[in-house]
Amino acid sequence: MIETRATVVSNDPEGQNYWRLRLSLKIPLRPQPGQFAMLRPSDQIEPILRRAFVFYRVKERDTGTDCEFIYKIVGRGTQQLRRARPGDTIDFLGPLGRGFHFETLTPSTGEVYLVSGGVGLPALYMLAEELSLRGIHVKLFHGEATARPEMEPAGLSDFTLLLGREAIVCTTEDGSFGRRGLVTEPLEEELRQGATCPARIFACGPSAMLREITRLSREFRVPAEISVEAAMGCGFGVCLGCVVPVRDCTTHRVTFKRVCIEGPVFSADELAWEDLPASAS
Ligand SMILES: Cc1cc2nc3c(=O)[nH]c(=O)nc-3n(C[C@H](O)[C@H](O)[C@H](O)COP(=O)(O)OP(=O)(O)OC[C@H]3O[C@@H](n4cnc5c(N)ncnc54)[C@H](O)[C@@H]3O)c2cc1C
Ligand code: FES
């Protein structure tokens, strides 16, 4: 974990209500897919707490590292971040948390499904890159509530370049972009009709979507890993603001784990969904 100041290279709007932030760091950094950083504009006193953002894309240079983040404007912290201009500095703490487990996957273990809802998409790009590099076939299911037909969801064009359009299924609840309905509907169809089951499902998105993925992963016996979001105070295990209930698979006892240290990626089976607040996504 490194605490430093990163320089803003660019910070531009993308899609509806999303921004793409490029930062330059003077140190080498190799975050794993699914890990995150805590960011805050350095010249601002308010808000005091940094905000969590997953690494979207990372490139090592001779003199340091370039990192990209895609973020949605939500409240005070992201409003502040939106105002950062090239040359400004950002308080950077990372890489943090545990990412996705993909080391045992090979082209012969089978296809992998990535499933995202809304702002869950950025959590999956580095993973898609890593899996593609290993020659593993990847299919992306991405859902939004609504979209402007002329505007692709932020980051989707990067996935299209990487995976090809035929490997991507998009849904919107109102049919404004892609297929009408919930993203878990084409996923379920694919699982029912597919000649072979995928080796694994990796997902990030709203809790209702993640719960449904847990149900599907049990029904079709496909292991699923999901990246959970929680309100974060510190990002490194001290404030206990980010705990989620988890169930021990042998004793069935419910305990708590910190999303920032033991997560944000958990096995879908591990999370005690019935004890999770509906907003934990
Ligand atoms: C691991 C992880 C990865 C994420 N990756 C992304 C991403 O790539 N892109 C993206 O758009 N979003 C991402 N998010 C969500 C993002 O962190 C939130 O959207 C962002 O924190 C909203 O900040 P805000 O100030 O705009 O909103 P607000 O609603 O004003 O602030 C909410 C957040 O502020 C913090 N906070 C405020 N007050 C307190 C307090 N009193 N005590 C503790 N915490 C407080 C908490 O972190 C809380 O979650 C991620 C979240 C997590 C946990
Ligand atoms: S954010 Fe403080 S313990 Fe996890």
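For the structure, check the block above.
These numbers come from a predicted model, not from an experiment. (Residues numbered from 1 in each chain as written. Chains lettered and ligands numbered in written order. Predicted model: local features only at pLDDT ≥ 70, side-chain atom pairs only at ≥ 80, totals over all residues. Heavy atoms only, no water.)

Our focus in this paragraph is the packing of helix 4 (residues 184-193) against helix 5 (residues 207-219). Contact pair helix 4 / helix 5: the axes reach a minimum separation of 11 Å and the direction vectors enclose 5 degrees. With respect to each other, helix 4 and helix 5 are oriented roughly parallel. Residues Thr184, Leu187, Glu188, Leu191 and Arg192 of helix 4 form the contact with helix 5, whose participating residues are Met209, Glu212, Ile213, Arg215, Leu216 and Glu219. Of the residues belonging to the contact of helix 4 with helix 5, the class tally is 5 nonpolar, 1 polar and 5 charged. (Axes fitted to C-alpha atoms, helices over the stretch in contact; angles between N-to-C directions. Helix = DSSP H or I, 4+ residues; strand = E, 2+ residues; numbered from the N terminus. Parallel < 35°, antiparallel > 145°, perpendicular 65-115°, else oblique. Contact = heavy atoms within 4.5 Å. Nonpolar A, V, L, I, M, F, W, Y, C, P; charged D, E, K, R; others polar.)

All right, on to helix 4 then. Restricting attention to buried positions, one finds in helix 4 the residues Thr184, Pro186, Leu187, Glu188 and Leu191. Looking at the packing, one finds that the buried side of helix 4 touches strand 8 (112-117), strand 9 (138-144), strand 10 (168-172), strand 11 (179-180), strand 12 (200-204) and helix 5. (Buried < 20%, exposed > 50% of the residue type's maximum accessible area, 1.4 Å probe, protein only.)

In the vicinity of ligand 1 lie 21 residues, with Arg51, Ala52, Gly77, Thr78 and Met232 positioned nearest. One of the side-chain nitrogen or oxygen atoms of Arg51 is found 2.7 Å away from an oxygen atom of ligand 1. Taking Lys72, its main chain carries an N or O atom lying 2.7 Å from an oxygen atom of ligand 1. Coverage of ligand 1 by the protein amounts to 73% of the 950 Å² it exposes when considered alone. For the shell around ligand 1, the elements supplying multiple residues, two or more each, are strand 4 (51-54), strand 6 (64-72) and helix 1 (76-82). Broken down by element, the residue count for the shell around ligand 1 peaks at 4 residues, all from strand 4. When grouped by side-chain class, the residues that make up the shell around ligand 1 number 13 nonpolar, 4 polar and 4 charged. (Near = heavy atom within 4 Å. Polar contact = N/O pair within 3.5 Å; in protein donor to acceptor, adjacent residues only side chain to side chain. Areas by Shrake-Rupley, 256 points an atom, 1.4 Å probe, with all protein chains shown as cover.)

Turning our eyes to something else, we now look at the pairing of strand 14 (residues 243-247). Of the strand pairs in this sheet, strand 14 and strand 15 (residues 254-258) are connected by 5 bridges, and their pairing is antiparallel. Its bridge partner lying in strand 15, Val246 is registered against Thr255. Between the antiparallel neighbours strand 14 and strand 15 lie 6 residues, among them His252 with a positive phi of about 65 degrees. (Pairing = 2+ DSSP bridges.)

One can find Arg40 in strand 3 (residues 36-41). A distance of 3.3 Å separates a polar side-chain atom of Arg40 from the backbone oxygen of Ile48. Ignoring any residue separated from it by four or fewer positions in sequence, one finds Arg40 in contact with Ile45, Pro47, Ile48, Leu49, Arg50, Ile90 and Asp91.

The next subject is the pattern of salt bridges. Per the counting criterion, the structure on display carries 26 salt bridges. Between Glu68 and Arg22 there is a salt bridge whose closest N-O contact spans 3.0 Å. Here Glu68 is found in strand 6, whereas its partner Arg22 is found in strand 2 (residues 18-25), with 46 residues between them in sequence. When its relative accessible area of 31% is taken as the criterion, Arg22 is described as partly exposed. Its salt-bridge partner being Arg40, residue Asp91 comes within 3.2 Å of it at the nearest N-O pair. Of this pair, Asp91 sits in strand 7 (residues 89-96) while Arg40 sits in strand 3, and the two are 51 residues apart along the sequence. Across the pair, Arg40 and Asp91 agree in class, each one buried. (Salt bridge = Lys/Arg side-chain N within 4 Å of Asp/Glu carboxyl O.)

Our focus in this paragraph is the nonpolar core. Among the nonpolar cores identified, the biggest contains 32 residues, and Val115, Leu187, Leu191, Ile201, Ile213, Ile226 and Leu271 are the most heavily contacted of them. Elements represented by at least two residues in this core include exactly strand 3, strand 7, strand 8, helix 4, strand 12, helix 5, strand 13 (224-227) and strand 14. Contacts of Val115, omitting those with residues within four sequence positions, involve Leu124, Phe141, Val183, Leu187, Ile201, Phe202, Ala203, Cys204, Met209 and Ile213. Counting 29 residues, the second-largest nonpolar core is a separate cluster that includes Leu105, Leu131, Cys170 and Val265. (Core = buried A, V, L, I, M, F, W, Y, C linked by side-chain atoms within 4.5 Å.)

Let us look at the pairing of strand 10. When you tally the buried positions in strand 10, you get 4 out of 5 residues, the bulk of the element. Note that strand 9 and strand 10 share 5 bridges and pair parallel. Opposite His142, over in strand 10, you have Cys170 as the bridge partner. Remark: the strand 9/helix 3 (residues 156-163)/strand 10 crossover connection has right-handed handedness. Examined bridge by bridge, strand 10 and strand 11 share 2 bridges and lie parallel to one another. The residue of strand 11 that forms the bridge with Thr172 is Arg180. (Right-handed = clockwise from strand over helix to strand, strands pointing away.)

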